[in-house]
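Structural characterization, general
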Amino acid sequence: MYDRIFRLDILWRAWKEVRENKGSAGIDGITFEMIEEYGVEEYLLDIQEDLRNKKYRPKPVKRVYIPKPDGKQRPLGIPTIRDRIVQQACKIVIESVFEANFLDSSYGFRPKRDAKQATEKVKKELYKNWYVVDADIQGYFDNINHKILLGLLNRRISDRRVIKLCRQWLQAGVIENGKYYPTEKGSPQGGVISPLLANIYLHVLDSYWENHKELGVIVRYADDAVIVCRTRKDAELAFEHLKRIMGKLKLTLNPQKTKIVDMNRESFDFLGFRYQKFGKTKCGRKLPYMMPSKKAVKKVKDAIRVITCRKSAYEGLELKVDKLNPLIRGWKNYFQHGNSTKQFKQLDEYVWTKLWRRVYYRRKQKKYREHVLYGFRKWYANSGIEYFYNLNKKRYETVL
C-alpha cells in the first residue's frame, strides 16, 4: 500500500487536486507559483525519491485563526504544499479501504455524500419522530486521541509504513508566532487528510448506533450530529449512551450546546438550517419545516454588507454585481431545497436596498431623488444580478 502512495501517477493526481483547492503556503513559504516555476514534475520526483528512500519528514503546520460567528476564533493548521501533496496521495490510496466500512449515517467529507443529503434525512425522520438530541462535541479536532486513532487505523491497514506516515502528521507540531509547540493530541483543521481521520475516529459512534437502532436515528456530518427519537424517554436514553461513547473516545460534549429538543415546542439548528414543526394537516399533525437559520442569514448579510459598504464606494456598481452573484448563487443553491422562500425574498430586498443606498448617498440632492430612483431601477433591471428568489425577478425588473 505504501508503494502506491509514491507512484508518479498518484502524485500527479494529488498535485492537481491540491492545486485546485488553492490555499496559502506553509511555514516554508513555498507557493504554488514557485513550484510551477521550478517544474512540477521535478518537484514530484523529489517527493517520490524521499518517500521511496524513507527520508520524507513532514514539517510543522502553520497556526492561523479564522473568526467564528459567535465572536470566538477557530484555529487552523496549514501544512506545507509538499505535505499536502503527500497527504492527498495517501488519502487517494487508503480512502476506499475505509469507505467500504463507513455507514450511511455519516455524510461529511465523503465521496458522493454531502450536507444536502444529511439535512434532507433529518427532515424525513422528523415526520415520525418528536425528540432530538442535538449533540455538539467540544473542540473535536483538537482533542482526537492519537493512540485510539492509530489503533483504529491498524484495524484496516496492515502496512506499518502508512501508519508511520499518519503518526508523523499527527505529531508534526505547530508553529505559532514563530514558536514551536508539540501536538500530543488532535488533528489540525486545514490538513488534507484530517477529515478522513476524523471520520475514522467517529466511525466508532456510527457503528455503535448501527447495533442499537432502538436508540433512534443518528445523522452525522463530521463532528456535527443529531439523534432523532420518537419519545423523550428514548431521547434521554440516547443521550446517556452518547455520553458513554464520548467518554470511551476521550471526547467531551459541550454542556451549553448539547441538549434534548422537544419538537412540539422548540427548534434546533443543523448545518445552517433551522428545523421546526408547526402547522397542522387535516389529520391534526404538525409537519417539520427546514429554513435558513438566523446565524446563516446573518452571515450572508454580513458578506453582502462588506461588498456594498461605503469603503468600497470607489468600485462601480457593475463590479459589485460581479462580486455579489457568486455569493447569491452559492447560498441559493444550498438553501433552495428547504422552506426558504421568506428568507430569499428578504435577502433580495436587502441586496436592492444596499445597492440603492450606495447610489442615493453619493447624490444627496433630495429634489432629484425620484429621477435618480428611476435611473437606478432601469440600471438594476439590466444589471444581470442574480436573485435569491427567482420569482422576484419580475418585481425588480419592472421599471415604472
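Scope of this entry: the structure provided in the associated data block. (Residues numbered from 1 in each chain as written. Predicted model: local features only at pLDDT ≥ 70, side-chain atom pairs only at ≥ 80, totals over all residues. Heavy atoms only, no water.)

**Topic: the overall build of the chain**
Put simply, the test is: To qualify as a helix, a DSSP run of H or I must reach at least 4 residues; to qualify as a strand, a run of E must reach at least 2; elements of each kind are numbered from the N terminus. When a residue's accessible area, from a 1.4 Å probe over protein chains only, is under 20% of the maximum for its type it is buried; when over 50% it is exposed; and in between it is partly exposed. Contact criterion: two residues are considered in contact whenever any of their non-hydrogen atoms come within 4.5 Å of each other. Only the protein chains shown count as cover for residues, with accessible areas throughout obtained via the Shrake-Rupley method and a probe of 1.4 Å. Within this scheme the basic residues Lys and Arg register as positive and the acidic residues Asp and Glu register as negative, but His and the chain ends are omitted. Throughout, a charge is located at the NZ atom of Lys, the CZ atom of Arg, the CG atom of Asp or the CD atom of Glu.
In terms of regular secondary structure, the chain is built from 15 helices and eleven strands. Taking the principal axes of its C-alpha atoms as reference, the chain extends roughly 75 × 65 × 35 Å. Here the chain holds 400 residues, and the buried ones make up 49% of them. For the chain, the proportion of contacts with a sequence separation of at least 24, taken over those separated by at least 6, is 69%. Summed over all atoms, the accessible surface of the chain reaches about 21,600 Å², with 49% contributed by carbon and sulfur. Positive and negative side-chain charges of the chain, numbering 82 and 47 respectively, have mean locations separated by a distance of 7 Å.

**Digging into the nonpolar core**
In plain terms, the rule: Definition used in this section: a nonpolar core is a set of buried Ala, Val, Leu, Ile, Met, Phe, Trp, Tyr and Cys residues joined via side-chain atoms within 4.5 Å.
Counting 69 residues, the largest nonpolar core has L153 and M246 as its most contacted members. Beyond its immediate stretch of four places on either side in the chain, L153 contacts F98, I163, C166, L197 and I200. Within the second largest apolar cluster, 48 residues are counted, among which are F268, L271, L355 and Y396.

**Considering the environment of R265**
Within the secondary structure, R265 sits in the loop between β8 (259-262) and β9 (268-270). Along the chain, R265 and Q276 lie eleven residues apart, while their C-alpha atoms are 8.5 Å from each other.

**A look at the packing of aromatic side chains**
Applied cut-off: When the centres of two rings from Phe, Tyr and Trp lie within 6.5 Å, Trp using its six-membered ring, the rings pair. Their planes under 30 degrees apart give stacked, over 60 give edge-to-face, and anything left gives tilted.
In the structure shown here, the tally under the stated rule is 22 aromatic pairs. A centroid spacing of 6.4 Å and a plane angle of 50 degrees characterise the contact between Y140 and Y201, whose relative ring orientation is tilted. Highlighted residues: Y140 in the loop between β3 (131-136) and α7 (146-156) and Y201 in helix α9 (residues 194-210), separated in sequence by 61 residues. Residues Y140 and Y201 agree in their burial class; the two are buried. Centroid distance W331 to F335: 4.2 Å. Interplanar angle 35 degrees. Geometry classified as tilted. One end of the pair, W331, and the other, F335, are both in helix α12 (residues 317-335), four residues apart, so they sit about a helical turn from each other. In this structure W331 comes out as buried when scored by relative accessible area, which is 11%. Judged by its relative accessible area of 5%, F335 falls in the buried class.

**Overview of the packing of helix α4 (residues 40-52) against helix α5 (residues 81-99)**
Selection rule: Note on geometry: axes are lines fitted to C-alpha atoms, helical ones only across the stretch in contact, with angles between N-to-C directions running from 0 to 180 degrees. Any angle that falls under 35 degrees is termed roughly parallel, while one over 145 is termed roughly antiparallel, one within 65 to 115 roughly perpendicular, and all others oblique. Crossing handedness is defined as follows: a turn of the near helix away from the far one that is anticlockwise and smaller than a right angle gives a left-handed crossing, while the clockwise case is right-handed. For this classification, Asp, Glu, Lys and Arg are treated as charged, while Ala, Val, Leu, Ile, Met, Phe, Trp, Tyr, Cys and Pro are nonpolar and the rest, including Gly, are polar.
Viewed as axis vectors pointing N to C, α4 and α5 meet at an angle of 65 degrees, and their least axial separation amounts to 11 Å. Considering their axes alone, α4 and α5 lie roughly perpendicular with respect to each other. For the element pair α4 and α5, the recorded crossing hand is right-handed. Across the interface between the two elements, Y43, L44, D46, I47, D50 and L51 from α4 touch R82, I85 and V86 from α5. Across the contact of α4 with α5, the residue classes tally to six nonpolar, no polar and three charged.

**Section: the sheet that holds β8**
Note the following rule: A pair of strands is considered paired only if DSSP assigns at least 2 bridges between the two.
Strand order in the open sheet made by the four strands is β6-β7-β3-β8, with antiparallel pairing throughout. Every interior strand has two partners, whereas the edge strands, β6 (217-221) and β8, have only one. Adjacent strand axes in the sheet meet at a mean angle of 20 degrees when their direction is disregarded. Two strands pair when backbone bridges link them, and β3 and β8 are joined in this way by four bridges, in the antiparallel orientation. Its bridge partner being in β8, V133 is matched across the sheet by I260.

**A closer look at the pairing of strand β7 (residues 224-229)**
Most of β7 sits inside the fold, with five of its six residues counted as buried. Pairing analysis gives six bridges linking β3 to β7, with the strands arranged antiparallel. Bridge pairing in β7 links Y131 to C229. In this sheet, β7 lies alongside β6 in antiparallel orientation, the contact comprising five bridges. Residue pairing across strands places V217 opposite V228, the latter belonging to β7. Here β6 folds back onto β7 in antiparallel fashion, the turn holding two residues, of which A222 has a positive phi close to 55 degrees.

**Examining the sheet that holds strand β1 (residues 61-67)**
With respect to topology, four strands assemble into an open sheet ordered β2-β1-β4-β5, the strand pairing being mixed. Strands at the two margins of the open sheet, each flanked by one partner only, are β2 (73-78) and β5 (179-181). Averaged over all adjacent pairs, the angle separating strand axes in this sheet is 40 degrees, with direction ignored. Alignment of β1 against β2, held across six bridges, turns out to be antiparallel.

**Concerning α7**
Worth spelling out the cut-off: Throughout, the arc means that of the directions going from the helix axis to the C-beta atoms. Any pair of nitrogen or oxygen atoms within 3.5 Å is treated as a polar contact; in protein, a donor-acceptor pairing is required on top of that, and neighbouring residues in sequence qualify only through side-chain atoms on both sides.
Residues H146, L149, L150, L152 and L153 constitute the buried set of α7. Across the axial projection of α7, the buried residues extend over an arc of 155 degrees, all falling on one side. For α7, exposure combined with an orientation more than 90 degrees from the buried face picks out K147 and R155. Those residues of α7 that are buried are in contact with α5, α8 (160-170) and α9. Between the side-chain oxygen of the N-cap and the backbone nitrogen of K147 there are 3.1 Å, and the N-cap of α7 in question is N145.

**Remarks on the pattern of salt bridges**
Put simply, the rule is: In the sections that follow, a salt bridge refers to a side-chain nitrogen of Lys or Arg positioned within 4 Å of a carboxyl oxygen of Asp or Glu.
For the structure on display, the rule yields 21 salt bridges. Across the salt bridge formed by R19 and E36, the nearest N and O atoms sit 2.8 Å from each other. You can see R19 sitting in helix α2 (residues 8-21) and its partner E36 sitting in helix α3 (residues 32-38), a full 17 residues away along the chain. Relative accessible area serves as the criterion here: at 25%, R19 is assigned to the partly exposed category. Taking relative accessible area as the criterion, E36 reaches 39% and is therefore assigned partly exposed. As a salt-bridge pair, R52 and E49 come within 3.6 Å of each other at their nearest N and O atoms. Taken together, the residues span about one helical turn, with R52 and E49 both in helix α4 at a distance of three residues. Classification of R52 by relative accessible area gives partly exposed; the value is 40%.

Read these as spatial facts, not as claims about activity.
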